[in-house]
Amino acid sequence: METVPPPVPPMPPIPPRPSDYNPVPFTSTLTFKIIFIVILCLLLLIPDAFLFALTDDREERQKDTVTEISESWSGPQTIIGPIVTIPYHNKGAVDSVGVVTLLPASLDAKAAIESRKLSRSIYETIVYNSDITLSGNFDMTYLEKTGIPLTALKLDNARVNVVIGELKGIETLSSFRMGNESCEMEGGSDYEPIEDYEVISTYSTKESDSRGWRNALSAPINLSQLADSTSVPYSLSITAKGSKEIGFAPVGKASDITIEGTCKSPSFKGMILPSERTVDDGKFSANWKLNAINRNYPQAFTGSNTYNINESVVSVDMLVPVDRYQKTSRALKYATLVILLTFIAALFAETITKHPIYVFQYLLIGLALVLFYSLLLSLSEHIGFGLSYLVAAVMTIALVGLYIFGVLKSRKAALVISGLLSIIYIYIYVLLNLETYALLAGSVGLFIALAAIMYGSLKMKWK
């Protein structure tokens, strides 16, 4: 009898080989996308730096062009004077020679200006025509405070000087009247040598001592009959062209300075702000009332004492307020933030829609965001900054939004990212126009952005 072998058990199913799996490439993982976004943000700092350099270059070119226009017309006009200088030769115990400088006891200075714009290419500056009057009186008894004997002063060889910013800007000039004397003023203030001693002026300017009397109107005057006078009236009228600013030095022991004219955006500056000022409907008026206590130089001094009278000047600045380059530079500082937030929003949209955005497509989105600043800079040189910002922002938002729609095939994702970009650009524009609260608003905005990103990250599947 034959033995029947037991039945063979069925074979278990063969497990699939590992090679049969289709793992996700690392370049398509969320980790790689995050790393790439960080690297791409850093790389986009390179064109951002180029735009910074371009903005600075355009600003420097503007300054150079404005300077050229001003030099062709006439530069800033700063009037210092009248100043009387009297040579002396003291043959006392110590033989000395030099100059005594006498400033007026009172100064009533007025300037009425009519401003207008001059343009070259896309740049412009403000120039003006002015009617200037100087009047007041001298007190000759101030000479006693210098310690120089009256007999040592060469009163018949005195000179009266009025320093002015640009001599070439003078169109008409009246005779200078002092007491009963009248003299015609000319450029320069050279003295005749006194007994082989050369008399040197003591006037000093901020820019260069060598410039001192070169921009001065000067005339010889005989003060022999006025040595004991306590009130010698004087007057002078000037019509002059200028640009950028006009100012006066309060050389009088009591100075009353008034500057008025037409200008939409005057800026008052100098040693002290005006006592009274009004700006209304393109016209302005400013008045300074100062006295000798407000400055650091006396009414009379010798050549051994040099003072920088220019430090006491008060003036009106009439520069065209051009802030497009400053605002563009400030906007560029937020470029990395804009790019990073947009990339994060695109990453969220990619994850939710399950439609990949490739590395090259992220790069194109980043370049579009950088191009916004080039558009802003170029447009702002031809139209106002606000309108330039609006046009550049609309163009950039439309470009990025349509591209996101083409990549993700999701109208909702495109609208969300376009809305986010709109909020970001509005927020940055507000920051650019804030001054006192810019830091506070920026910090609060960043906090809200971070909170939104943290909340969005909770909705993502990280595995």
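One can find the structure itself at the top, above this paragraph.
Overview of the structure. (Residues numbered from 1 in each chain as written. Predicted model: local features only at pLDDT ≥ 70, side-chain atom pairs only at ≥ 80, totals over all residues. Heavy atoms only, no water.)

Another point: unusual backbone geometry. Put simply, G81 and P82 share a cis peptide bond, and its omega is 5°. Note on placement: P82 falls in strand β1 (residues 77-91). Of note, the phi angle at K244 is positive, near 70°, even though the residue is not glycine. Positive phi values are uncommon outside glycine, yet K409 reaches one of about 55°. Looking at the element boundaries, K409 is found in the loop between α6 (385-408) and α7 (411-433). (Helix = DSSP H or I, 4+ residues; strand = E, 2+ residues; numbered from the N terminus.)

This brings us to the packing of aromatic side chains. Evaluated as defined, the whole model comprises ten aromatic pairs. Aromatic pair F138 and Y234: ring centres 5.2 Å apart, planes at 55°, arrangement tilted. Of the two residues, F138 is situated in strand β4 (residues 123-138) and Y234 in strand β11 (residues 232-243); the sequence distance between them amounts to 96 residues. For the pair formed by F138 and Y234, the shared burial category is buried. With a centroid separation of 6.4 Å and an interplanar angle of 85°, the aromatic rings of Y389 and Y425 are classed as edge-to-face. Residue Y389 is found in helix α6, and its partner Y425 is found in helix α7; the two are separated by 36 residues along the sequence. Residue Y389 is classed as buried on the basis of its relative accessible area of 4%. Here a set of aromatic residues connected by ring pairs shows up, and it is made of F372, Y373, F385, Y389, Y425 and Y429. Its end group placed over the ring of W73, K241 keeps NZ or CZ at 4.6 Å from the ring centre. (Phe/Tyr/Trp six-rings, centres within 6.5 Å; stacked < 30°, edge-to-face > 60°. Buried < 20%, exposed > 50% of the residue type's maximum accessible area, 1.4 Å probe, protein only. Lys NZ or Arg CZ within 6 Å of the ring centre and 35° of its normal.)

Let's shift gears to the packing of helix α2 (residues 45-73) against helix α5 (residues 359-380). Two elements in contact, α2 and α5, have axes separated by 10 Å at closest approach and are oriented at 10°. If you check the angle between α2 and α5, you find them roughly parallel. Along its contact with α2, which presents P47, L51, L54, T55 and R58, the element α5 presents V370, Y373, S374 and L377. By residue class, the composition of the contact of α2 with α5 is six nonpolar, two polar and one charged. (Axes fitted to C-alpha atoms, helices over the stretch in contact; angles between N-to-C directions. Parallel < 35°, antiparallel > 145°, perpendicular 65-115°, else oblique. Contact = heavy atoms within 4.5 Å. Nonpolar A, V, L, I, M, F, W, Y, C, P; charged D, E, K, R; others polar.)

Take G442: it is sitting in helix α8 (residues 438-458). Assessed through its relative accessible area of 13%, G442 is described here as buried. Here the alpha-carbon distance between G442 and V430, two residues twelve residues apart in the chain, equals 9.7 Å. The contact partners of G442, leaving out residues within four places of it in the chain, are Y427 and L431.

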